[in-house]
Amino acid sequence: MASIFITRAVPDAAFELLRRELPDAKISINPHDRNLSHGELAEAAAGADALICTLADPVDDALLRALAPRLQVVATYAVGVNNIALPTARELGIAVCNTPDVLTDATAEIAVGLILACARRMVEGDKLMRQGEFGGWAPMFMRGHGVCGKTVGIVGAGRIGKRVARTMRMGFACPLLYHARTAHADWEDELQAERTGLDELLARSDFVSLHCPLTPHTKHLIDSAALARMKQTAFLINTARGPVVDESALVAALRDRRIAGAGLDVYENEPALAPGLADLDNVVLLPHIGSATHEVRDEMGRMCARAVIAVLTGQEPAHRVA
Ligand code: DGY
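Residues numbered from 1 in each chain as written. Predicted model: local features only at pLDDT ≥ 70, side-chain atom pairs only at ≥ 80, totals over all residues. Heavy atoms only, no water.

*Asks:* Can you break down the domain arrangement of the protein chain residue by residue, with the values?
*Replies:* Assigned domains of the protein chain: these are domain 1 (3-102 + 294-312) and domain 2 (104-285). A straight line from the C-alpha centre of domain 1 to that of domain 2 covers 32 Å. Listed by partner, the interface residues are nine residues for domain 1 and six residues for domain 2. Summing the contributions of domain 1 and of domain 2, the shared interface buries around 580 Å²; its carbon and sulfur component is 46%. Per-residue buried area on domain 1 facing domain 2 is highest for Leu55, Asn82 and Asp101; these three make up 65% of the total on that side. There are one salt bridge connecting domain 1 and domain 2. Between Arg159 and Asp101 there is a salt bridge, with its nearest N and O atoms 3.3 Å apart. Along the lines of polarity and charge, the residues of the side of domain 1 that touches domain 2 split into six nonpolar, two polar and one charged. (Domains from an automatic or database assignment. Contact = heavy atoms within 4.5 Å. Buried area = accessible area lost by both parts, 1.4 Å probe. Salt bridge = Lys/Arg side-chain N within 4 Å of Asp/Glu carboxyl O. Nonpolar A, V, L, I, M, F, W, Y, C, P; charged D, E, K, R; others polar.)

Here is the structure:
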């Protein structure tokens, strides 16, 4: 009998599919309303043929080796796979599958939402209203920064970056810069985006939106030197992965008003925040909700289930990254 371990409660859609297609499988789920520690995960997943995990689970070399040779597939409830030791999985013949595409629009919505919320001081305004501090309309009151026609710099030319780029171009007439390892004709032809080096993008953009995966190369890509290159009136938006930004350096830049503000959905040491970050009024903080819509989370669950079903029934899964 196949054994499937799921590290967090998932929508019914995923269970229904697993139960229908693998009626004899034993499906276990982390009973706690929290992420498991490395030790707890190793213990709970021992003997599993399939693991459905989240981006918060450290599926590292040690865990994969402990679960091999029985473990056949890891299906992660995410598009990002930075928490999974892919080379080890390849070496051990463990399939790793993710959930691309389905969350592109939802994550782009959050990035665009952060751009608007930061520039137009929406969260500050909401707080002020609730505190009864609105004294009435006045010419100098709560002025922010306009968005239409401002230059948007996109770091990373993947699906989510392109969706944000298109929205900002089509919806707000923003000139676009992008930074990517290779040129993308579709960005340049369809969106009139200009490919630049990172330093130039940082120096010219009014909004810098991060959409690159977390790799050893992109860890702290935005450090104090990078922040120093940004305009004092510019905003940094991060819906990718927290460690792409040196969060302590960002706190210093925001505190000293070296940049205008930031909008963050992801954090360097999630769920913890760098000291001082939550005290700043020029940052909008969201709890990693890029993909958090009912529709998307249901479909992500189904995609994980389909990956597990495929591997455990001897078929090639659709979205295999290792
Ligand atoms: C992902 O899929 O990598 C996202 O961060 C989850 O919302």
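And the narrative resumes.
*Asks:* Summarise the nonpolar core; cite the residues concerned and give the values.
*Replies:* Counting 56 residues, the largest nonpolar core has Ile4, Leu18, Ile52, Val164, Met168, Trp187 and Val308 as the members making the most contacts within it. The element best represented in this core is helix α5 (residues 104-119), accounting for 10 residues. Aside from chain neighbours lying at most four places away, what touches Val308 is Ile4, Leu18, Leu22, Ala50, Ile52, Val73 and Ala75. With 31 residues, the next largest nonpolar core counts Val155, Val208, Leu250 and Ala262 among its residues. (Core = buried A, V, L, I, M, F, W, Y, C linked by side-chain atoms within 4.5 Å. Buried < 20%, exposed > 50% of the residue type's maximum accessible area, 1.4 Å probe, protein only. Helix = DSSP H or I, 4+ residues; strand = E, 2+ residues; numbered from the N terminus.)

*Asks:* Any chance you could break down the sheet that holds strand β9 (residues 207-210) for me, citing the residues and the numbers?
*Replies:* Reading across the sheet, the seven strands line up as β8-β7-β6-β9-β10-β11-β12 and stay open at both edges, with parallel pairing between neighbours. The open sheet has two edge strands with one neighbour each: β8 (194-195) and β12 (283-285). The strands that helix α7 (residues 159-172) touches are β6 (152-155), β7 (176-179) and β9; relative to β6, the one it contacts most, it runs at about 170°. (Pairing = 2+ DSSP bridges. Axes fitted to C-alpha atoms, helices over the stretch in contact; angles between N-to-C directions.)

*Asks:* Lay out the site of the ligand with the relevant residues and their values.
*Replies:* With respect to spatial proximity, the complete set of residues near the ligand consists of Leu55, Ala78, Val79, Gly80, Leu103, Arg241, His288 and Ser291. Here Val79 contributes a backbone N or O atom positioned 2.6 Å from an oxygen atom of the ligand. Here Arg241 contributes a side-chain N or O atom positioned 2.5 Å from an oxygen atom of the ligand. Protein contact buries 91% of the 230 Å² of open area that the ligand shows by itself. (Near = heavy atom within 4 Å. Polar contact = N/O pair within 3.5 Å; in protein donor to acceptor, adjacent residues only side chain to side chain. Areas by Shrake-Rupley, 256 points an atom, 1.4 Å probe, with all protein chains shown as cover.)

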